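So you can see what is in the structure, the chains are spelled out below.
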Amino acid sequence: MWWIIIIVLIVFAGGFGSDYLKHKRKMEQIRLDVLDREIELERLKQENFLLENHSMQEELDRIRQENKQRYEKDADRRWLIDETKNKEG
């Protein structure tokens, strides 16, 4: 009689254990999905950072070129000082 109760308890414990392991596997899969998304987000952030730096560098080069042309055009003038005085006055 006791052996029937023991067998039933073992079956219930096995069922609960199986459900627990399924739950653990599912939680680990969710964690892996979250990590994959975080990695993709970091990759996109890095790519965006590089693109922004590239466009900033192009803009800075363009401004330098414009300033160089302006300086060469008016080599005798001190154009920066004159522009500043015009803005203030």
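See the structure printed just above.
These lines cover the structure that appears in this document, whether it is placed above or below. It should be emphasised that the depicted structure is a prediction, and the values quoted were computed from it without experimental measurement.

### Regarding the overall build of the chain
Then step 1. Looking only at helices and strands, one finds two helices and zero strands in the chain.
Then step 2. Residues counted as buried form 1% of the 89 residues belonging to the chain.
Then step 3. Working note: accessible area of the chain is about 8800 Å², and carbon and sulfur atoms make up 61% of it.

### Some thoughts on a nonpolar patch on the surface
Then step 1. A surface patch of nonpolar side chains, about 760 Å² in accessible area, is lined by Trp3, Ile4, Ile7, Val8, Val11, Phe12 and Phe16.
Then step 2. Mapped onto the secondary structure, isoleucine 7 falls in helix α1 (residues 2-73).

### Notes on the pattern of salt bridges
Then step 1. The final tally for this structure, using the stated rule, is five salt bridges.
Then step 2. The partner of glutamate 28 in a salt bridge is arginine 31, and the shortest N-O contact between them spans 2.5 Å. Here glutamate 28 and its partner arginine 31 are both found in helix α1, three residues apart, which amounts to about one turn of the helix.
Then step 3. For arginine 31, a relative accessible area of 46% translates into the label partly exposed.
Then step 4. Linking glutamate 47 and arginine 43 is a salt bridge whose minimum nitrogen-to-oxygen distance equals 3.1 Å. A residue pair is termed a helical-turn pair when its members lie 3 or 4 positions apart in one helix, as glutamate 47 and arginine 43 do in helix α1 at four residues.

### Considering the environment of glutamate 66
Then step 1. Within the secondary structure layout, glutamate 66 lies in helix α1.
Then step 2. By relative accessible area, which is 35% here, glutamate 66 ends up partly exposed.
Then step 3. Within polar-contact distance, the side chain of glutamate 66 engages the side chain of arginine 62 at 2.8 Å.

Conventions used here
- Residues numbered from 1 in each chain as written.
- Predicted model: local features only at pLDDT ≥ 70, side-chain atom pairs only at ≥ 80, totals over all residues.
- Heavy atoms only, no water.
- Helix = DSSP H or I, 4+ residues; strand = E, 2+ residues; numbered from the N terminus.
- Buried < 20%, exposed > 50% of the residue type's maximum accessible area, 1.4 Å probe, protein only.
- Areas by Shrake-Rupley, 256 points an atom, 1.4 Å probe, with all protein chains shown as cover.
- Patch = residues over 30% accessible without salt bridge, like charges linked within 9 Å, V, L, I, M, F, W, Y side chains within 5 Å.
- Salt bridge = Lys/Arg side-chain N within 4 Å of Asp/Glu carboxyl O.
- Polar contact = N/O pair within 3.5 Å; in protein donor to acceptor, adjacent residues only side chain to side chain.

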